[in-house]
Amino acid sequence: MQPTVSLIKANSYDLKSLRESLETLLEPLGGMGSFVKKGDRVLLKPNLLTASHPTKECVTRPEIVYCVVQMVREAGGEPFLGDSPAFGSALGVAKANGYLPLIEELKVPITDFSGKRYKTVSEQFNHLLLSPEAMNADVVINLPKLKSHVQLTMTMGVKNLFGCVPGKMKAWWHTEAGKDSARFGQMLVETARTINPKLTILDGIIGHEGNGPSGGEPRQLGVLAASADVFALDRAIAEIVNVDPLSVPTVAASMRLGLCSNLAAIDFPLLQPQDLKVLDWKLPDRMMPIDFGLPRILKSTFKHFYIRFIKEPLAAYSGR
């Protein structure tokens, strides 16, 4: 079937305006009811990268998640949030980025991902761990943030699903790939294929350009995108920000594997990519290698456990 990518202009995170924008965005796809049925357990997978830069727009905005939670419940689904941040817990990162009012008002559960082996389409990656919380959900709704990335050029829908790899296993995936960015890109594509999100909604109202995923700067773009096909969505977004798709390992891998064809094969029922074109999107000043050396992995692991089991519990205790 021809993939469909819905694109609109949206310039505000005001809840009323945002809700109207999301309804307009999903209307060509059949609305939320096309993806969520009564009783479905629905994982919402935002980008909860870090608690360290809450003003840098490097995580999915809580307003997006707020509206999607409401829409899922109205369709009869039972939503929960989940992620596996690089440092700390999903709840700790969510709180630092303004999610607490959302969590308290809507009483939406938030969970950290554990790990288990699942068979992937590509046998060469069957040794890698994925989250059972994602694999066992009835529906996965992928909620990425549009960002530049110092290792992968851009991070969009496919890369956001890397959060379904538990904890510090992500660092070992980097090591396993070595310096081969094409292999790492294929790992991420196979992860996305295995998780198979039913819907991806990309937050590009304010993106994060430059030295992302966390070291760049906010950039007002005014873009919302949605698709049942995460690979087609990423290809469209690369076109919007005027980035060569072959320079993005995840997009290049999806094209190489026949999962993403050219733009002419994608249906755009609302706006076309050229209607939202950005010619001066900033990519990283310099790219970093894919692989992580052992010292970096050990340092990263120590930092993660310090935040998760010492810093976050102390902050919660002192806030009582």
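A brief structural summary. Computed from a predicted model, the values in this text were never measured in an experiment.

Examining empty space enclosed by the protein
Then step 1. Per the counting criterion, the structure on display carries 1 cavity of 30 Å³ or more.
Then step 2. Volume-wise, the largest cavity comes out at about 50 Å³.
Then step 3. As for the largest cavity, its lining consists of Tyr118, Thr120, Phe125, Leu128, Leu130, Trp173, Met187, Glu190, Thr191 and Thr194.
Then step 4. It is helix α8 (residues 181-195) that contributes the most residues to the lining of the largest cavity, 4 residues altogether.
Then step 5. Residue classes in the lining of the largest cavity are distributed as 6 nonpolar, 3 polar and 1 charged.

Some words on the environment of Thr200
Then step 1. Relative to the helices and strands, Thr200 is located in strand β10 (residues 199-209).
Then step 2. The spacing of Thr200 and Ala226 is 26 residues in sequence and 5.5 Å in space, taken between C-alpha atoms.
Then step 3. The residues touching Thr200, leaving out its near neighbours within four places in the chain, are Asn142, Pro144, Gly157, Ala225, Ala226, Ser227, Val230 and Leu233.
Then step 4. A distance of 3.4 Å separates polar atoms of two side chains, one belonging to Thr200 and the other to Asn142.

A closer look at the pattern of salt bridges
Then step 1. The full count for this structure, using the stated rule, is 14 salt bridges.
Then step 2. With a closest N to O distance of 3.1 Å, Asp83 and Lys45 form a salt bridge. With Asp83 in strand β3 (residues 78-83) and Lys45 in strand β2 (residues 41-46), the pair connects residues that are 38 residues apart, well separated along the chain. Take Asp83 and Lys45: they sit in the same class, and that class is buried.

Concerning helix α1 (residues 15-26)
Then step 1. Between the first and last C-alpha of α1 there are 16 Å, a value that for 12 residues agrees with the 16 Å anticipated at 1.5 Å per step.
Then step 2. Listing the buried residues of α1 in full gives Leu18, Arg19, Ser21, Leu22, Leu25 and Leu26. Mapping the buried residues of α1 onto a view down its axis gives an arc of 160°, with all of them on the same face.
Then step 3. Buried residues along α1 sit against β1 (5-9), α2 (62-74), β10 and β11 (217-227).

Topic: the pairing of strand β7 (residues 139-143)
Then step 1. Counting buried positions over the 5 residues of β7 gives 5, a clear majority of the element.
Then step 2. Here β7 shows no split at all, with Val139, Ile141 and Leu143 on one side and Val140 and Asn142 on the other all buried.
Then step 3. Bridge analysis of β2 against β7 gives 5 bridges, and the strand direction is parallel. For Lys45, the partnering residue across the bridge sits in β7 and is Asn142.

The rules we used
Residues numbered from 1 in each chain as written. Predicted model: local features only at pLDDT ≥ 70, side-chain atom pairs only at ≥ 80, totals over all residues. Heavy atoms only, no water. 1 Å grid on protein atoms, 1.4 Å probe; cavity = no way out; pocket = protein on both sides within 12 Å on 5 of 7 lines; lining within 4 Å. Points joined across faces, edges and corners; volume = space filled by probe spheres on them. Helix = DSSP H or I, 4+ residues; strand = E, 2+ residues; numbered from the N terminus. Nonpolar A, V, L, I, M, F, W, Y, C, P; charged D, E, K, R; others polar. Contact = heavy atoms within 4.5 Å. Polar contact = N/O pair within 3.5 Å; in protein donor to acceptor, adjacent residues only side chain to side chain. Salt bridge = Lys/Arg side-chain N within 4 Å of Asp/Glu carboxyl O. Buried < 20%, exposed > 50% of the residue type's maximum accessible area, 1.4 Å probe, protein only. Expected span 1.5 Å × (residues − 1). Arc of directions from axis to C-beta. Pairing = 2+ DSSP bridges.

Distances and angles like these do not, on their own, reveal function.
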